[in-house]
Amino acid sequence: MHRWQGALIVLLNPLLWLGALGLPRPQIGDCGENEGPVGGVSPPIPTVTSSSGSLRGDSGLLGGNAPLPDPEKSDSAIVPNPQLVNGQEADAKLGLYLDFDSADPPQPIRGENGNTDPGPRTFDYEKLNPDLFAPPRTDAGDMPNLMWPMGLSHNRPGTGKNSGWARQQNVDVLPAAKAMAGVDMRLAPNAYRELHWHTANEWGMILKGCVRVAAVDDEGRNFVDDVCAGDVWFFPAGIPHSIQAFEKGAEFLLVFDQGDFTEDGTFLVSELFLRNPVEVLSKDLRAGVDAFENLPKDQLYIFNGTPAPADISEQNVTSPAGAITGNASYTYHWSQQAPYTVPGGSIKILDPLTFRVASMFSAALVLVQPGALREIHWHTTSDEWNFFLQGAGRITVYGAPASSRTYDFTAAGVGYVPAACGHYVENTGEEDLVFLEVLQAPKFTDISVAQWLALTPRQVVKDHLSLPDAVLDALPREKPIILTGNQNLTALAGGGSAFSVS
Ligand SMILES: *[C@@H]1O[C@H](CO)[C@@H](O)[C@H](O)[C@H]1NC(C)=O
Ligand SMILES: *[C@@H]1O[C@H](CO)[C@@H](O)[C@H](O)[C@H]1NC(C)=O
Ligand SMILES: *[C@@H]1O[C@H](CO)[C@@H](O)[C@H](O)[C@H]1NC(C)=O
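Fair warning: this is a prediction, and the values are worked out from it, not measured in the lab. (Residues numbered from 1 in each chain as written. Chains lettered and ligands numbered in written order. Predicted model: local features only at pLDDT ≥ 70, side-chain atom pairs only at ≥ 80, totals over all residues.)

## Examining the UniProt feature "active site" (unreviewed entry) in the protein
Per the UniProt record, the feature "active site" (unreviewed entry) sits at Glu 437. Secondary-structure assignment places Glu 437 in strand 24 (residues 433-440). When the 25 C-beta atoms within 10 Å are taken as the criterion, Glu 437 is described as buried. In this structure Glu 437 touches Ala 363, Ala 364, Val 366, Glu 384 and Asn 386, once residues within four positions along its chain are discounted. (UniProt positions renumbered as here; feature names shortened; annotations may be inferred. Helix = DSSP H or I, 4+ residues; strand = E, 2+ residues; numbered from the N terminus. Buried ≥ 20, exposed ≤ 12 C-beta atoms within 10 Å, placed from the backbone. Contact = placed C-beta atoms within 7 Å.)

In structure tokens form, the structure reads like this:
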């Protein structure tokens, strides 16, 4: 046997291959094993040491030529003893949140809707997305996909040794998100996101750690500041800036006002120098050609740096045009703003009323307690970009005139709600749900359904919706923003209440 033949056998035989590499077999059983035959194939296949058989069948198998199968004796797609979770048999219109975590495997059944799934399947996707797998019966029509877990994004590593990484969501992965895109970026201790600029406006929020940011504007004014978890920056389109992590490293979120923004398409100081004639660089910076001998050979992107001096004044260059200060500031120390609290959660808003430089970025950081609800609302003119920082929640997006779809979210998930589409955010987990709503608007505003009805002539509301008088009497004239709810999301199935604990 030739050496390559031996190698081929090892390559083609998954058991030998895994054995040779000393790897465990894939843990597919943990996330949804397809037991028994599927597609007429019955794994495991026998192990052989030489090839046999043929690659194609003959015309004897064409329909009309082949012997008829006997469905009675053939494969069965019956799923014996399907396991249903709490609330799964309840009326599908109730749309209870189904906790598939304990179901092995979960089944796409809700009330009288659906049937079992004999496979192929990977349980983890279905457990994470119960409202896609077994949708509420109120979901209707053809809504586009409006969610993207960053966990499915390609991760681009930095150029230096363990310097960091970045992953992104844009129209390539979420085509409906036309107005905004997001990036989740990691910088190692002292690492930089290299000096750069782009054609989009950038709104950033620190998730972990602290960084020093620096920028210079088109009037020659400069800016430097230190920001930590929960703080925000804004760099207008075309303004060159840098970001350097402190000694404990950092992770931050970036939101851009272009759905097709890509981290791979920014303007970089390294490339600017590499892409201009050295003769011109020499003339421009009044330096001999040898001054440019140690330029980086390639772009730096994310790379390790010299630790920043703790004293920021050492890096505060004095510009004859002055510094960017006051209302022109590129940062907002949002972590120090106390939230507005309501029963069921809290909210704080950062929009151009206080952070004027971010002229079209209006954001809210919302905390919703288990079982509670960010009320049904919509934003009049802006799409909404969501990022989930913690917990689990679901959103139903209603689109004109008669469509809706429900999407489930977990940490590092991106959601997108097109302008004017009605939606809510319900905490479906056991911990506080923390998420961002980001709008392209000069002010953070919404239309609250409950307040709208409360402030509409009562007779008009009654003629439309036939709601009982007691409900009309109790409609809130102030926006509730967040409402408490029963932590048991299937309580309705047992005659309990959705909003008060029995
Ligand atoms: C940098 O110096 C300017 C004055 O030139 C000052 O207005 C600004 O606050 C300083 N920035 C920091 C972070 O100290
Ligand atoms: C920012 O602008 C507002 C509104 O014009 C003004 O009241 C406030 O004093 C300004 N703040 C600073 C720090 O310049
Ligand atoms: C939630 O409510 C359902 C229906 O009443 C009940 O069967 C279930 O045990 C409750 N779950 C918890 C965790 O209390």
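## Description of the sheet that holds strand 24
The strand order 3-22-19-24-17-16-15 describes an open sheet built from seven strands, whose pairing is antiparallel. Here the strands that pair on one side only, and so sit at the sheet edges, are strand 3 (147-149) and strand 15 (340-342). Ignoring strand direction, the axes of neighbouring strands in this sheet form an average angle of 20°. As paired strands, strand 15 and strand 16 (residues 345-350) are joined by three bridges and run antiparallel to one another. Among the inter-strand pairings, Val 342 is bridged to a residue of strand 16, identified as Gly 345. (Pairing = 2+ DSSP bridges. Axes fitted to C-alpha atoms, helices over the stretch in contact; angles between N-to-C directions.)

## Comments concerning the nonpolar core
Formed by 89 residues in total, the largest nonpolar core has its most connected members in Leu 187, Phe 234 and Val 438. Ranked by residue count, the leading element in this core is strand 11 (residues 241-256), at eight residues. Looking at which domains feed residues into this core, each of domain 2 (151-333) and domain 3 (337-494) supplies at least three. If we ignore the near neighbours within four places in the chain, the residues touching Leu 187 are Gly 164, Arg 193, Val 211, Ile 243, Ala 245, Gly 249, Ala 250 and Ile 302. In terms of nonpolar packing, the next biggest core, distinct from the first, is built from eight residues, Leu 96, Tyr 97, Phe 100 and Phe 133 among them. (Core = buried A, V, L, I, M, F, W, Y, C linked by C-beta atoms within 7 Å. Domains from an automatic or database assignment.)

## Some thoughts on the site of ligand 3
All residues adjacent to ligand 3 are Asn 86, Asn 488, Thr 490, Ala 491, Ala 493, Gly 494 and Gly 496. Residue composition of the shell around ligand 3, grouped by class: two nonpolar, five polar and no charged. (Near = placed C-beta within 6 Å. Nonpolar A, V, L, I, M, F, W, Y, C, P; charged D, E, K, R; others polar.)

## A few points about the domain arrangement of the protein
As far as domains go, the protein holds domain 1 (81-133), domain 2 (151-333) and domain 3 (337-494). Its C-alpha centre places domain 1 at a distance of 44 Å from the equivalent point of domain 2.

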